[in-house]
Amino acid sequence: MERERTEVNDIDRSIYDFRYSDEDFYKVDEGLTKDIVLQISKEKNDPEWMRDFRLKSLDIYNKLKVPDWGPDISGLNMDDIVTYVRPNTKMTTSWEEVPEDIKNTFERLGIPQAERTSLAGVGAQYDSELVYHNVKDEVSELGVVYTDMESALTGEYEEMVKEHFMKLVPPTDHKFAALHGAVWSGGSFVYVPKGVKVDIPLQSYFRLNAAGAGQFEHTLIIVSEGADLHFIEGCSAPKYNVANLHAGCVELYIGKNAKLRYSTIENWSKNMYNLNTKRAVCEEGGTIEWVSGSFGSHVSYLYPSSVLKGDDSHAEFTGITFAGNGQNLDTGAKMIHVGKRTSSFINTKSISKAGGISTYRSSITVLPNAEDSKASVSCTSLMLDDISRSDTIPAMDIRTDKVDIGHEAKIGRISDDAVFYLMSRGISEEDAKAMIVSGFADPVSKELPLEYAVEMNNLIQLEMKGAIG
Amino acid sequence: MSNRLTEMTVNKLPTLTWNFLKINDIKVKEDIELNGRGQITIRNIPDGVIIGNAGCEDCGGCAVSKIMETTNSITNGMGPEAKEFFDSVCDKSLVIRAKKNAKIDEPLCISYNMANGDANAVKQVIIAEEGSNITVVMDYNSKSSDSGFFGVQTILHACRGATINLVKIELLGKGYVHFDDIGGSCDNEGIINTVQMILGGKKSYVGLNVDLAGYKSRYSGNTGYLCINDQFLDMNYYIGHRGKKSEGELTVKGALRDEAVKTFRGTIDLKHGAKGAKGDELEETLLLSEKVKNNTLPVILCDEDDVEGAHGATIGRLSKDMLFYMESRGFSEHEAEVLMTKGKLNSIRNLITDQSSIGKIQHYMEEAFRDE
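Since this is a predicted model, take the numbers as computed values, not measurements.

### Brief notes about the overall build of chain A
Alright, step 1. Summing up its helical and strand segments, chain A has eleven helices and 27 strands in all.
Alright, step 2. Within chain A, the proportion of its 469 residues that are buried is 62%.
Alright, step 3. Total accessible area computed for chain A in this model is approximately 17600 Å², and 47% of it derives from carbon and sulfur atoms.

Here it is as structure tokens:
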């Protein structure tokens, strides 16, 4: 009898793969034109400066080329993408007022339950608009602002938004940052006042329901001096046979001696082009911690970057990527050391399976004034079969001598020696391999909030068959 | 035939990364008329080694020509534009052959003696026929104050069970532009070992591409460099694993001082079908002045599960612990840095057995640190 191969299953996406009708939703035409951008701006009641910003971004978009270095995105045709889809509802702070279909969607994803049990506030975006946003009273009373970007843009925080919006990720950064500048919609605005420590996390969840649509939410977080926040971002979509696009933008401003942890669990469907941009800047003594789980998307370009501007600032990136059948996930991080005595640490894991392609890409840049800085990179990749692929492309650009930079990377399959050792202790081969894979992902899962760690472990299901014989 | 070195793009990565890093390749911006000057000295031609010229008028149809046909398909390290350059300016190749089953202990030594204003490019082919082994030691030298251009392309073919040991020592003057373009291929159980000491020159472009095509084929590369003043060094190493149980190992160590600029690209490519292959690379860079620039990009490409790929890099100044220890033994900080630099380079130099070459390296290093 032929011995069956020990397998690690693809991620079970059935919990995300459901959809509701979007027939009565407001949509702009497919494609990207000046008229469409003006139409979005009008629908969103943009202030004049934002309308001008969108048009300028569109000009930049038209001038920039698609990247020549990453995964193939020729299957993405902007002429087929609907850039704005507004659900037939208004943003509310009452869960009861959310329309039934949308409410069902987030109920199935467990968002309200999570809000009740373990979150300080929740934002839920459905296609291009926030449909629900709420923050606990005790957090509001501390002066923490957690609202949708549109409210922030037209309300009392307009000047603060204007001062920070796309200043860290300018539209000139790359083609899809420019696209975001032109058609962005939705997202969250968070402001944590000086010295305020938010003990329990805030979460935004982004759901893209419409086929052939794009989601371009903007997340802007300002953590003032000495403040502390944990922000969680989740995203998913049902699978369609046409391409969907996610080109969000996250800008994080971390003040002097402030700390922000930004956790992401990304479960986009396998028809999604995830071309997201995330960037943080840390002032003196500030800390940014990224925790990132990338499980979904057809193609991903995702490299959260940290600008360590202030002296003694610190950044950490902990990430795991699981690339299965039909996926080409290009993920990693960028660290830019500007200030003195800055430090950064990158620890990533990637798993490739069933023809999936996983690429770890990173850059460490140490500028001339960043004396006494330290950076360390560790990336490990696990190949689960011989039809998959895993690459590591880590760059280090060092422009001063007073630094300590370390890098290590390893690629391979499950070690036969480790399996043998565990089996010699009475553990079956199946269990031994399952333990090794779980242990491989453990450094990342232990950084996630408990319920997300459980979800991640559920996502990576192990199926062992007939190893004896 | 053209006789000019003009602009070209070399040392391109096999897979690209962000353009803002400016590390995907390097543009050579020179305009040099080649004059063919420079003197070659070959000493110690051991028994079992045949030296000839391919491309000479009277060699049509000879064995050398046939061998050249097989080596033409070997990919060079600096890339297609460099290959085109060497093909256009070199009408002959120096062909060195180790006869079948010849076990040659003595190294074949080749010196390229350059002078001020010399501008020349040469092609070499080294073939170790089945079961043979050969060691070739070559140095490129000129007076410290000389300027000019010297390019050398070296194609290596280790046939079944054969070993090529190649030692290259670059001791050109402070105004020299240098190309060192290496391509290699290993058949079943074929082995290529390279040791490179890159010490001189103003601008050095080094490319190496080794195709581990054969079962249990092996490559081991060790490179040491010292970049001081405004020296510029751009390296591109690529080790392609195609053969089952092939093994590749690359170690690059060196130091940067003053306003030196160095780029290292090292790629281990574990191709589909290379079951049981192992690739490993290590880079250690000592940074000795605040205005140095260092770029490092160690790449692993993996298209097979039953393989092992690893790389590690350490970049920085002398560790504080080491410095404290050295100072407690009476060394100044500067003396400690010199000592550690020599230590790094000597760990590569010690792999060279030819005493004459060791002497030249030693002399160069002493001169380099004499300015202190």
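Let's pick the thread back up.
### Quick word on the overall build of chain B
Alright, step 1. On a plain count of helices and strands, chain B comes out with five helices and 22 strands.
Alright, step 2. Taking 21 Å as the expected radius of gyration for a compact globule of 372 residues, we find that chain B reaches 20 Å, a close match to that expectation.
Alright, step 3. For the C-alpha atoms alone, the extent of chain B along its principal axes is close to 65 × 50 × 45 Å.
Alright, step 4. Considering chain B as a whole, with its 372 residues, one finds that 61% of them fall into the buried category.
Alright, step 5. Taking contacts inside chain B between residues at least 6 apart in sequence as the whole, the part at least 24 apart equals 85%.
Alright, step 6. Side chains of chain B carry 43 positive and 53 negative charges; the gap between the two charge centres is 1 Å.

### Quick look at the domain arrangement of chain A
Residue and element names in this part refer to chain A.
Alright, step 1. As assigned here, chain A comprises domain 1 (13-415) and domain 2 (416-469).
Alright, step 2. Inter-centroid distance (C-alpha atoms) of domain 1 to domain 2 is 29 Å.
Alright, step 3. In this assembly, 25 residues from domain 1 lie in contact with 20 residues from domain 2.
Alright, step 4. Both sides together, the interface formed by domain 1 and domain 2 hides about 2000 Å², and carbon and sulfur atoms give 73% of it.
Alright, step 5. Three residues stand out in domain 1 for area buried against domain 2, namely Ile265, Ile414 and Ser415, and they jointly supply 28% of the buried area on that side.
Alright, step 6. Applying the counting criterion to the domain 1 and domain 2 interface returns one salt bridge.
Alright, step 7. We note a salt bridge from Arg413 to Asp416, for which the minimum N-O separation is 3.3 Å.
Alright, step 8. Mapped onto the side of domain 1 that touches domain 2, the elements with two or more residues apiece are β11 (228-236), β14 (259-267), β17 (287-294), β20 (314-323), β22 (343-352) and β24 (373-383).
Alright, step 9. When grouped by side-chain class, the residues that make up the side of domain 1 that touches domain 2 number ten nonpolar, twelve polar and three charged.

### Here's the deal with helix α2 (residues 48-63) of chain A
Alright, step 1. Between its terminal C-alpha atoms α2(A) stretches 23 Å, which fits the 22 Å expected from 16 residues at 1.5 Å a residue.
Alright, step 2. Residues of α2(A) that are buried sit in contact with α1 (34-43), α6 (149-154), α7 (158-164) and α8 (175-183) of chain A.

### Examining the pattern of salt bridges
Alright, step 1. Going through the model one piece at a time under the given rule, you end up with 40 salt bridges over all chains.
Alright, step 2. Taking the shortest distance from any N to any O, the salt bridge between A:Asp386 and B:Lys275 comes out at 3.0 Å. Of this pair, A:Asp386 sits in the loop between β24 and β25 (389-398) while B:Lys275 sits in the loop between β19 (261-270) and β20 (278-287), on two different chains.
Alright, step 3. Here A:Asp386 falls in the partly exposed class, since its relative accessible area comes to 25%.
Alright, step 4. Assessed through its relative accessible area of 27%, B:Lys275 is described here as partly exposed.

### Observations regarding the interface of chain B and chain A
Alright, step 1. With 39 residues of chain B in contact, the opposing surface of chain A contributes 40 residues.
Alright, step 2. The junction of chain B with chain A conceals about 3400 Å² of combined surface from both sides, 50% of it contributed by carbon and sulfur atoms.
Alright, step 3. On the chain B side of the contact with chain A, B:Trp18, B:Asp305 and B:Arg317 bury the most area, a combined 23% of that side's loss.
Alright, step 4. At the junction of chain B with chain A, the criterion picks out five salt bridges.
Alright, step 5. Between the two partners, chain B and chain A, sit 19 residue pairs in polar contact (both at pLDDT 80 or more).
Alright, step 6. When contributions to the side of chain B that touches chain A are tallied by element, the ones reaching two or more residues are β21 (293-302) and β22 (308-316) of chain B.

### Let's talk about unusual backbone geometry
Alright, step 1. The phi angle at A:Met166 is positive, at roughly 55°, despite the residue not being glycine.
Alright, step 2. When its relative accessible area of 3% is taken as the criterion, A:Met166 is described as buried.
Alright, step 3. At B:Lys245, a residue that is not glycine, the phi angle is positive and equals roughly 55°.
Alright, step 4. Along the polypeptide, B:Lys245 turns up in the loop between β17 (232-241) and β18 (247-256).

### Observations regarding the pairing of strand β23 (residues 357-366) of chain A
Residues and elements named next belong to chain A.
Alright, step 1. Taking burial as the measure, the ten residues of β23 include nine buried ones, the bulk of the element.
Alright, step 2. Where β23 and β25 come together, ten bridges link them in parallel fashion. Opposite Ser363, over in β25, you have Ala395 as the bridge partner.

### Things to note about the packing of aromatic side chains
Alright, step 1. Evaluation of the coordinates by the stated rule reveals 22 aromatic pairs over all chains.
Alright, step 2. What links up through ring pairs into an aromatic cluster is the set B:Phe85, B:Phe86, B:Phe149, B:Phe179, B:Tyr205 and B:Phe232.
Alright, step 3. The residue whose ring lies beneath A:Lys44 is A:Trp184, and the NZ or CZ to ring-centre distance is 6.0 Å.
Alright, step 4. Between A:Lys349 and the ring centre of A:Phe440, over which it is positioned, the NZ or CZ distance is 5.0 Å.

### Let's talk about the pairing of β14(A)
All names here are of chain A.
Alright, step 1. Within β14, eight of the nine residues are buried, which leaves it mostly tucked inside the rest of the structure.
Alright, step 2. Alignment of β14 against β17, held across eight bridges, turns out to be parallel. Bridge pairing in β17 links Ser263 to Val291.

### Considering the packing of helix α3 (residues 320-328) of chain B against helix α4 (residues 333-349) of chain B
All names here are of chain B.
Alright, step 1. Taken N-terminus to C-terminus, the directions of α3 and α4 make an angle of 115°; their axes are 9 Å apart at the nearest point. Between α3 and α4, the interaxial angle falls into the category roughly perpendicular. The handedness of the crossing between α3 and α4 comes out as right-handed. Here α3 contributes Met322, Leu323, Met326 and Glu327 to the contact with α4, which in turn contributes Glu333, Ala336, Leu339 and Met340.
Alright, step 2. Tallied by class, residues from the contact of α3 with α4 come to six nonpolar, no polar and two charged.

### Here we look at a nonpolar patch on the surface
Alright, step 1. A cluster of nonpolar side chains, contributed by B:Ile40, B:Ile42 and B:Ile45, occupies part of the molecular surface with about 240 Å² of accessible area.
Alright, step 2. Classification of B:Ile40 by relative accessible area gives partly exposed; the value is 41%.

### Some details on a negative patch on the surface
Alright, step 1. Taken together, the side chains of A:Asp29, A:Glu30, A:Asp79 and A:Asp80 make up a negatively charged region of the molecular surface.
Alright, step 2. Along the chain, A:Asp80 turns up in the loop between α2 and β3 (85-86).

### As for the side chain of B:Gln124
Residue and element names in this part refer to chain B.
Alright, step 1. By secondary structure assignment, the location of Gln124 is in strand β9 (residues 119-128).
Alright, step 2. Looking at Gln124, its side chain comes within polar contact range of the side chain of Thr154, at 2.8 Å.
Alright, step 3. Each residue touching Gln124, except ones within four places of it in the same chain, is listed here: Leu94, Tyr112, Met138, Val152, Gln153, Thr154, Ile155 and Lys168.

### Points about the state of the cysteines
Residue and element names in this part refer to chain A.
Alright, step 1. Using the criterion set out here, one finds zero disulfides over all chains in the structure.
Alright, step 2. Counting only cysteine sulfurs, Cys249 is the nearest neighbor of Cys282, a cysteine outside any disulfide, at a range of 16 Å.
Alright, step 3. Owing to a relative accessible area of 0%, Cys282 belongs among the buried residues under this scheme.

### Description of helix α2 (residues 80-89) of chain B
Residue and element names in this part refer to chain B.
Alright, step 1. Among the residues making up α2, those that are buried are Ala82, Phe85, Phe86 and Val89. What you see down the axis of α2 is that its buried residues fit within an arc of 95°, all on one side. With respect to the buried face of α2, the exposed residues turned more than 90 degrees away are Pro80 and Glu84.
Alright, step 2. Here the buried face of α2 lies against β1 (4-5), β2 (8-10), β9, β11 (147-158) and β13 (175-186).

Rules of the game
- Residues numbered from 1 in each chain as written.
- Chains lettered and ligands numbered in written order.
- Predicted model: local features only at pLDDT ≥ 70, side-chain atom pairs only at ≥ 80, totals over all residues.
- Heavy atoms only, no water.
- Helix = DSSP H or I, 4+ residues; strand = E, 2+ residues; numbered from the N terminus.
- Buried < 20%, exposed > 50% of the residue type's maximum accessible area, 1.4 Å probe, protein only.
- Areas by Shrake-Rupley, 256 points an atom, 1.4 Å probe, with all protein chains shown as cover.
- Rg over C-alpha atoms; globule rule 2.2 N^0.38 Å.
- Contact = heavy atoms within 4.5 Å.
- Lys, Arg positive; Asp, Glu negative; His and termini not counted.
- Charge placed at Lys NZ, Arg CZ, Asp CG, Glu CD.
- Domains from an automatic or database assignment.
- Buried area = accessible area lost by both parts, 1.4 Å probe.
- Salt bridge = Lys/Arg side-chain N within 4 Å of Asp/Glu carboxyl O.
- Nonpolar A, V, L, I, M, F, W, Y, C, P; charged D, E, K, R; others polar.
- Expected span 1.5 Å × (residues − 1).
- Polar contact = N/O pair within 3.5 Å; in protein donor to acceptor, adjacent residues only side chain to side chain.
- Pairing = 2+ DSSP bridges.
- Phe/Tyr/Trp six-rings, centres within 6.5 Å; stacked < 30°, edge-to-face > 60°.
- Lys NZ or Arg CZ within 6 Å of the ring centre and 35° of its normal.
- Axes fitted to C-alpha atoms, helices over the stretch in contact; angles between N-to-C directions.
- Parallel < 35°, antiparallel > 145°, perpendicular 65-115°, else oblique.
- Left-handed = near helix turned anticlockwise from the far one by under 90°.
- Patch = residues over 30% accessible without salt bridge, like charges linked within 9 Å, V, L, I, M, F, W, Y side chains within 5 Å.
- Disulfide = S-S within 2.5 Å.
- Arc of directions from axis to C-beta.

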